[in-house]
Amino acid sequence: DGMRHLRNADVASKKARKNQRLPAGLKPLLVALDEDIRAIEIRMRLHLASLYTVRGSYGTALTYANAALSFDPTDRDALAARARIEEAAANAARRDFSGRQR
């Protein structure tokens, strides 16, 4: 639901920016709102990536981490999350069914 609401906020913000009657004083507020929306979108995807990592669904976790990076390829938290997921996936692949390292 949160991601749906963020998409709706993004659409509403774009619509407001295209409005020719938008007072000039509101334009900087819309820019700040867009930045906030992007930051929340990144954080939400990183949160989901973390949840899927804990559950061992590394492919899904990577999908969410990469989605976060699509908003900002230099985001340190997203880069670190992707590295943690890749490391967790590699460690899981090394374990056999009894839980011991190969």
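All values derive from a computational prediction rather than experimental measurement.

**Q** How would you explain the overall build of the protein if you had to name every residue and give the values?
**A** The helix and strand inventory of the protein stands at 4 helices and 0 strands. What you see in the protein, going N to C, is helices and strands ordered as α-α-α-α. The globule rule puts the C-alpha radius of gyration for 102 residues at 13 Å, and the 18 Å found for the protein is more than 25% above it. Taken over the C-alpha atoms alone, the protein extends approximately 65 × 25 × 15 Å along its principal axes. For the protein, the residues scored as buried account for 21% of the 102 residues in total. Intrachain contacts of the protein at a sequence separation of at least 6 include 47% that bridge at least 24 residues. On the protein, roughly 7,300 Å² of surface is accessible, and the fraction owed to carbon and sulfur atoms is 55%.

**Q** How would you explain the nonpolar core if you had to name every residue and give the values?
**A** Residues I42, L46, A68, L69, A78 and A81 constitute the largest nonpolar core, which totals 6 residues. Listing elements by their share of this core, those giving two or more residues are helix 2 (27-54), helix 3 (58-71) and helix 4 (76-94). When sequence neighbours within four positions are dropped, the list of residues in contact with I42 reads A68, F71, D72 and D75.

**Q** An account of the side chain of D75 is requested, with residue identities and associated values reported.
**A** Inspection of the secondary structure puts D75 in the loop between helix 3 and helix 4. When sequence neighbours within four positions are dropped, the list of residues in contact with D75 reads I42, R43, L46 and L69.

**Q** Tell me about the packing of helix 2 against helix 3, and name the residues and values.
**A** Contact geometry for helix 2 and helix 3: axes closest at 8 Å, N-to-C directions at 165°. What the angle tells us is that helix 2 and helix 3 run roughly antiparallel. Considering how the two elements wind past one another, helix 2 and helix 3 form a crossing that is left-handed. Seen from helix 2, the contacting residues are R38, E41, I42, R45, L46, L48, A49, Y52 and T53; seen from helix 3, they are Y58, T60, A61, Y64, A65, A67, A68 and F71. For the contact of helix 2 with helix 3, the class distribution of residues is 12 nonpolar, 2 polar and 3 charged.

**Q** Run through the packing of helix 3 against helix 4, naming residues and quoting values.
**A** Close contact between helix 3 and helix 4 brings their axes to 9 Å; oriented N to C, the two are set at 165°. With respect to each other, helix 3 and helix 4 are oriented roughly antiparallel. The way helix 3 lies across helix 4 gives a crossing that is left-handed. Contacts between helix 3 and helix 4 involve Y58, A61, L62, A65, N66, A68 and L69 from the first element and A78, L79, R82, I85, E86, A88, A89 and A92 from the second. Each residue belonging to the contact of helix 3 with helix 4 can be placed in one class, and the counts come to 12 nonpolar, 1 polar and 2 charged.

Reading the values: the criteria
- Residues numbered from 1 in each chain as written.
- Predicted model: local features only at pLDDT ≥ 70, side-chain atom pairs only at ≥ 80, totals over all residues.
- Heavy atoms only, no water.
- Helix = DSSP H or I, 4+ residues; strand = E, 2+ residues; numbered from the N terminus.
- Rg over C-alpha atoms; globule rule 2.2 N^0.38 Å.
- Buried < 20%, exposed > 50% of the residue type's maximum accessible area, 1.4 Å probe, protein only.
- Contact = heavy atoms within 4.5 Å.
- Areas by Shrake-Rupley, 256 points an atom, 1.4 Å probe, with all protein chains shown as cover.
- Core = buried A, V, L, I, M, F, W, Y, C linked by side-chain atoms within 4.5 Å.
- Axes fitted to C-alpha atoms, helices over the stretch in contact; angles between N-to-C directions.
- Parallel < 35°, antiparallel > 145°, perpendicular 65-115°, else oblique.
- Left-handed = near helix turned anticlockwise from the far one by under 90°.
- Nonpolar A, V, L, I, M, F, W, Y, C, P; charged D, E, K, R; others polar.

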